[in-house]
Amino acid sequence: SDGVPSQNKPRILLMGLRRSGKSSIQKVVFHKMSPNETLFLESTNKIVKEDVSNSSFVQFQIWDFPGQIDFFDPTFDSDMIFGGCGALVFVIDAQDDYMEALNRLHQTVTRAYKVNPSIRFEVFIHKVDGLSDDHKIETQRDIHQRANDDLLDAGMESISLSFYLTSIYDHSIFEAFSKVVQKLIPQLPTLEHLLNIFISNSGIEKAFLFDVVSKIYIATDSSPVDMQSYELCCDMIDVVIDVSCIYGIAEEGESSAFDNQSSSIIHLNNGTVLYLREVNRFLALVCILREDSFDRQGLIDYNFLCFRNAIQKVFEVKCQSVGIPRILMDP
Ligand code: GDP
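Treat the numbers as computed from the prediction; the structure is a model and nothing was measured.

(A) Region of the structure containing the site of the ligand. Within the structure, the ligand sits among 17 residues, and Lys-22, Ser-23, Ser-24, Thr-38 and Asp-129 are positioned closest to it. The separation between an oxygen atom of the ligand and a polar main-chain atom of Arg-19 is 2.8 Å. With respect to the ligand, the side chain of Lys-22 contributes an N or O atom lying 2.7 Å from an oxygen atom. With the chains in place, 92% of the 580 Å² that the ligand exposes on its own is no longer accessible. With three residues, the top contributor of residues to the shell around the ligand is helix α1 (residues 22-31). Residues belonging to the shell around the ligand are distributed by class as follows: four nonpolar, eight polar and five charged.

Printed below as a string of structure tokens:
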């Protein structure tokens, strides 16, 4: 649909032991399933190749394999699986004994690296909602240490792994996915630069560029991200989408009433304003600012239009070569 041959599209593979939480992650992040509903997900036993969402800026695809992949099975085409893959997300259940998962991680990573040394390896230490803060840190340290020791022992220390503590019961899974996806967006430095210029000229404290459907932020300005701000912005997107769905009138052929006129202002009782503006069909900008800065809304709106034009140019020029991340998955 976008003219990018599928073999040119960077892909994200989602892998890990059975019951580690892969389907739940997919449903919660890309299909707005509530975390509690994942308790009733059926285990998959057939290969599903699914376009997660055409309404998402980041167009994901999921491949579901039955059971474990046997890398030594000659029918397992690792060139095809790992070759065009941008990132491999490996999910480890932190509430379970993770020795088997670590073995699997090692096998998978070394095999993938041989096929495609430019693949990024992202380890989700998952279901950490059940762990105390101390236990989280200790688990991450332990998994990090063991995984890297295994690589060292195998003489593969050139492989670098990134670790994230995740749970579908809070925003950590969205935050982790945001970081994974951002590494696959070549225009990221340009987007950050544009956001920096926009916020510093508009008296804004923090701005996130969101993929509305998944609530993944594909870029933010260079000031540090604190979870609370990110969560606030995610919640705002939910509110705006819900209100548009209930009261908005969708155009013919559109699935939602969220369009390029959409905007929303929320005043919090601590003197903070949340300001959302639609950038294009997929993306929205959510800004956090002080109430007194919002007195100059005219300036902000003018700067926003400049920002939106610049963003359009960035993607017009480069979209063809960027391709679109896809997700592949193995239960
Ligand atoms: P898959 O086989 O890897 O696709 O795993 P599922 O997505 O079917 O998940 C297995 C179980 O883990 C389900 O009962 C989920 O509700 C549960 N689960 C998934 N993610 C989380 C999480 O972040 N925290 C907790 N506590 N449970 C989770």
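(B) The side chain of Ser-264, seen in detail. For Ser-264, the position within the fold is in strand β9 (residues 263-267). Of the residues examined, Ser-264 reaches a relative accessible area of 17% and is grouped as buried. With sequence-adjacent residues up to four places away left out, Ser-264 is seen in contact with Met-236, Val-240, Leu-274, Tyr-275 and Leu-276.

(C) Structural detail: the sheet that holds strand β7 (residues 206-211). On the basis of which strands lie adjacent, the open sheet formed by five strands has the order β8-β7-β11-β10-β9 and antiparallel pairing. Among the strands making up the open sheet, the edge pair consists of β8 (216-220) and β9. Between one strand axis and the next, the sheet turns through 20° on average, direction left out of account. As paired elements, β9 and strand β10 (residues 272-278) share five bridges and run antiparallel to each other. Residue pairing for β10: Ile-265 is matched across the bridge by Tyr-275. Along the sheet face, helix α6 (residues 188-200) touches β7, β8 and β11 (283-290) and points at about 70° away from the line of β8.

(D) Spotlight on a nonpolar patch on the surface. Residues Val-239, Val-243, Ile-246 and Tyr-247 make up a contiguous nonpolar surface patch of about 450 Å² in total accessible area. Tracing the backbone through its elements, the reader meets Ile-246 in helix α7 (residues 227-247). Given the relative accessible area of 61%, Ile-246 is considered exposed.

(E) Here's a closer look at the packing of helix α3 (residues 99-115) against helix α4 (residues 133-153). At a minimum axis separation of 10 Å, α3 and α4 run at an interaxial angle of 45°. It follows from the interaxial angle that α3 and α4 lie oblique. Relative to α4, α3 is oriented so that their crossing is right-handed. In this structure, α3 uses Met-99, Leu-102, Leu-105, His-106, Val-109 and Thr-110 to contact α4, whose residues at the interface are Ile-143, Arg-146, Ala-147, Asp-150 and Leu-151. For the contact of α3 with α4, the per-class residue count stands at seven nonpolar, two polar and two charged.

(F) Fine view of the packing of α1 against helix α5 (residues 172-182). The N-to-C vectors of α1 and α5 enclose an angle of 85°; their axes lie 11 Å apart at closest approach. In terms of axis orientation, α1 runs roughly perpendicular to α5. Where α1 approaches α5, its residues Ile-25, Val-28, Val-29 and Phe-30 are matched on the opposing element by Ile-173, Phe-174 and Phe-177.

(G) Structural view of the pattern of salt bridges. If you walk through the whole model with that rule in mind, you get nine salt bridges. Arg-146 serves as the salt-bridge partner of Asp-142, at 3.1 Å between the closest nitrogen and oxygen. A residue pair is termed a helical-turn pair when its members lie 3 or 4 positions apart in one helix, as Asp-142 and Arg-146 do in helix α4 at four residues. By relative accessible area, which is 14% here, Asp-142 ends up buried. In this structure Arg-146 comes out as partly exposed when scored by relative accessible area, which is 36%. Lys-206 serves as the salt-bridge partner of Asp-221, at 3.4 Å between the closest nitrogen and oxygen. Within this pair, whereas Asp-221 is found in the loop between β8 and α7, its partner Lys-206 is found in strand β7, the two being separated by 15 residues in sequence. Residue Asp-221 is classed as buried on the basis of its relative accessible area of 3%.

Rules of the game
- Residues numbered from 1 in each chain as written.
- Predicted model: local features only at pLDDT ≥ 70, side-chain atom pairs only at ≥ 80, totals over all residues.
- Heavy atoms only, no water.
- Near = heavy atom within 4 Å.
- Polar contact = N/O pair within 3.5 Å; in protein donor to acceptor, adjacent residues only side chain to side chain.
- Areas by Shrake-Rupley, 256 points an atom, 1.4 Å probe, with all protein chains shown as cover.
- Helix = DSSP H or I, 4+ residues; strand = E, 2+ residues; numbered from the N terminus.
- Nonpolar A, V, L, I, M, F, W, Y, C, P; charged D, E, K, R; others polar.
- Buried < 20%, exposed > 50% of the residue type's maximum accessible area, 1.4 Å probe, protein only.
- Contact = heavy atoms within 4.5 Å.
- Pairing = 2+ DSSP bridges.
- Axes fitted to C-alpha atoms, helices over the stretch in contact; angles between N-to-C directions.
- Patch = residues over 30% accessible without salt bridge, like charges linked within 9 Å, V, L, I, M, F, W, Y side chains within 5 Å.
- Salt bridge = Lys/Arg side-chain N within 4 Å of Asp/Glu carboxyl O.
- Parallel < 35°, antiparallel > 145°, perpendicular 65-115°, else oblique.
- Left-handed = near helix turned anticlockwise from the far one by under 90°.

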